[in-house]
Every structure is written in C-alpha cells, then in structure tokens.
Amino acid sequence: QVQLVESGGGLVQAGGSLRLSCAASGNIFAINANAWYRQGPGKQREWVASINGGGMTNYADSVKGRFIISKDNAKNTVYLQMNSLEPEDTAVYYCNADLLDWGPQRYYWGQGTQVTVSS
C-alpha cells in the first residue's frame, strides 16, 4: 500500500507563491514516479508536472517557468513550488504516485489540497 497526504494549499493573491507538499508512506520504494494534477471549478482534472525516480521532470505548458516539482528522498516527500500564481491556477491539487508494474494497483492518489488565487 501507498498513502499520499497533500498539504500547503491556501489563499494567495495573484503574483504570490505557495509550496505544496506530498508526504508518502507505506511501500514508498515501490513508487516509480510522482506527479501533480489539478482540477479547477467546472473543469476536468489536468496534469501539471511529473518527476521520475531519476529526478527528471516535465511540466504542462500552462505552468512552465512558474512551477517546480522536486522531491526529498530522505523525507519521502514530493513538492510543488508555485510562483507567479494566477487566478487560473485556482484548483484542488492532487498528488499522484505511479507504481508502474509493482503489484496489482498502479496509481495512488492523495486527498487533494485547495489552492485559491485571488485577482
């Protein structure tokens, strides 16, 4: 089993910054890669950023140059540093773990954390 708990969301004005955290527990050594997704009001869930076991990262076009995904292996935590926030970034942000071919279940999700950016 893998458990993910997000934290760090809140209310921030446009142009501000927030850092989201995703703490992993359970069989953390089975995690192949992590990602952040978000779902805004009335919108479908969309992919934001990914990081694999080797530390390689990838970003959605909408957040390139503003967001940074990283991980601290010693703390079993994945981060999403969000800078130059815009009202369009308002969403519930979810942490994802991809176990690939480890065990019967591939994907695990956290409960989500709300990010609200005021104009």
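Residues numbered from 1 in each chain as written. Predicted model: local features only at pLDDT ≥ 70, side-chain atom pairs only at ≥ 80, totals over all residues. Heavy atoms only, no water.

Novice: So what about the state of the cysteines? Which residues, and what values?
Specialist: Applying the stated rule across the entire model yields 1 disulfide. Here Cys 22 engages in a disulfide with Cys 95; their sulfurs sit 2.1 Å apart. For the disulfide bridge between Cys 22 and Cys 95, the dihedral angle about the S-S bond is near -80°, and by the sign convention the bridge is left-handed. Taken as a pair, Cys 22 in strand 3 (residues 18-26) and Cys 95 in strand 9 (residues 91-98) lie far apart in primary sequence, 73 residues in all. For Cys 22, a relative accessible area of 1% translates into the label buried. (Disulfide = S-S within 2.5 Å. Helix = DSSP H or I, 4+ residues; strand = E, 2+ residues; numbered from the N terminus. Buried < 20%, exposed > 50% of the residue type's maximum accessible area, 1.4 Å probe, protein only.)

Novice: I'd love a proper account of the packing of aromatic side chains, names of residues and values included.
Specialist: Considering all chains together, one arrives at 1 aromatic pair under this definition. Plain terms: the ring middles of Tyr 37 and Trp 109 are 5.0 Å apart, the flat faces sit at 65° to each other, and that makes the pair edge-to-face. Of this pair, Tyr 37 sits in strand 4 (residues 33-39) while Trp 109 sits in strand 10 (residues 107-109), and the two are 72 residues apart along the sequence. It is Arg 45 that lies over the ring of Tyr 37; its NZ or CZ is 5.5 Å from the centre. Geometry around Trp 109 places Arg 45 over its ring, the cationic atom sitting 4.0 Å from the centre. (Phe/Tyr/Trp six-rings, centres within 6.5 Å; stacked < 30°, edge-to-face > 60°. Lys NZ or Arg CZ within 6 Å of the ring centre and 35° of its normal.)

Novice: Report on the side chain of Asn 34, specifying residues and quantitative values.
Specialist: Within the fold, Asn 34 resides in strand 4. Apart from the residues lying within four places of it in its own chain, the contact partners of Asn 34 are Ala 49, Ser 50, Ile 51, Ile 69, Val 78, Cys 95, Asn 96 and Ala 97. (Contact = heavy atoms within 4.5 Å.)

Novice: Tell me what's going on with the sheet that holds strand 7 (residues 67-72), and back it up with residues and numbers.
Specialist: Strand pairing in a sheet is mediated by backbone hydrogen bonds. Such pairs are either parallel or antiparallel. The strand order across the open sheet built from 4 strands is 1-3-8-7, with neighbouring strands paired in antiparallel fashion. Lying at the two open borders of the sheet, with one neighbouring strand each, are strand 1 (2-7) and strand 7. Each neighbouring strand pair of the sheet contributes to a mean axis angle of 15°, computed without reference to strand direction. Of the strand pairs in this sheet, strand 3 and strand 8 (residues 77-82) are connected by 6 bridges, and their pairing is antiparallel. By the bridge assignment for strand 8, Arg 19 is matched with Gln 81. (Pairing = 2+ DSSP bridges. Axes fitted to C-alpha atoms, helices over the stretch in contact; angles between N-to-C directions.)

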